[in-house]
Amino acid sequence: MIQFDEDKQNRKMSDLLKREEEELVQLLSAKYGIEYIDLSVNPINTDALRLIEEKKAEDFLKEKNLNSDDLIIGMSVTVGNKIKQWDLSKFASLADLLVERARAKIIFTGSADDRPMVEKVQQTMQNKSVTAAGFFKLYELPALLKNFKLFISVDSGPLYIANALNVPVVDIGGSGDIQEQAPSGDKCQIVQKNNYRPFQSFIIPIPRSVQEEYFRHLQEITPEDVFEASVKLLEIK
């Protein structure tokens, strides 16, 4: 009696799928004139890639006349979910407060698509700042974030990357439920108005009226509120 060997069949199927994927990639490579590299034969040196990203960040800071002695504060002014978008004029006022009272050097992060909003903030500011919007791809961003003494953002992806890198972060959290998702550790401050109940969920769909209320509460957070949270992390007197 022939016995069915499930593990053996699974291995065969896996090998077959792998060969089909390789053949497809080779066909696409030939069609579009893109060099094909078999990573099973030529594995990527991740340490080398990390050094390239760190060198790019180092060169960027050097070009902007910034160094490790400077109080470099990163700021992300955009977000994918628009109900979490803090007013750009408030970001500008906050950046000015940090420059004038803490002698900070402000770097705005973001993608190339974020440039118009970043430029609007910079134009509204009374002081000079630096934009990195569009200069770093997402996988390169950690190399830049590591150089920040503090990172300020609404609840967004870059904030969680910075938090994972142990960079102090200020989360402009509005009235969202911080227990649902929030940066962790003792190097974070979440800015919320104390008299607001946490009703906003980012996982469970909610009515439009609740979204509008959340957005209104978010806008009631002032630049001074966020500045005070920043001071606590920076221990500035």
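Residues numbered from 1 in each chain as written. Predicted model: local features only at pLDDT ≥ 70, side-chain atom pairs only at ≥ 80, totals over all residues. Heavy atoms only, no water.

Novice: Could you give me a rundown of the sheet that holds strand 6 (residues 188–191), with the residues and numbers involved?
Specialist: With respect to topology, six strands assemble into an open sheet ordered 3-2-1-4-5-6, the strand pairing being parallel. Strand pairing shows two members of the sheet lacking a second neighbour, strand 3 (130–131) and strand 6, which therefore form its edges. Relative to strand 5 (residues 169–172), strand 4 (residues 150–154) runs parallel, the two being bridged by four bridges. Bridge pairing links Phe151 to Val169 in strand 5. The sheet strands contacting helix 3 (residues 88–102) are strand 1 (72–76), strand 2 (105–109), strand 4 and strand 5, and the helix crosses strand 1 at an angle near 175 degrees. Helix 4 (residues 115–124) rests against strand 2 and strand 3 of the sheet, and its axis sits at about 155 degrees to strand 2. (Pairing = 2+ DSSP bridges. Helix = DSSP H or I, 4+ residues; strand = E, 2+ residues; numbered from the N terminus. Contact = heavy atoms within 4.5 Å. Axes fitted to C-alpha atoms, helices over the stretch in contact; angles between N-to-C directions.)

Novice: Describe helix 1 (residues 6–32), naming the residues involved and giving the relevant values.
Specialist: Here helix 1 contains 27 residues, and its C-alpha end-to-end distance of 39 Å stays within 8% of the 39 Å for a straight helix at 1.5 Å per residue. Gly33 sits one or two positions beyond helix 1 and adopts a positive phi of about 70 degrees. (Expected span 1.5 Å × (residues − 1).)

Novice: Describe the packing of aromatic side chains, listing the residues and the values that go with them.
Specialist: A full pass over the atoms with the stated rule returns four aromatic pairs. Between Phe60 and Phe136, the ring centres sit 5.3 Å apart and the planes meet at 80 degrees, which makes this aromatic pair edge-to-face. With a gap of 76 residues between them, Phe60 in helix 2 (residues 46–63) and Phe136 in the loop between strand 3 and helix 5 (141–145) connect regions that are remote in the sequence. By relative accessible area, Phe60 is classed as buried at 6%. A ring pair is formed by Trp86 and Phe91, whose centres lie 4.9 Å apart and whose planes are at 85 degrees; its orientation type is edge-to-face. (Phe/Tyr/Trp six-rings, centres within 6.5 Å; stacked < 30°, edge-to-face > 60°. Buried < 20%, exposed > 50% of the residue type's maximum accessible area, 1.4 Å probe, protein only.)

So far we have only geometry, and geometry alone does not tell us how the molecule works.
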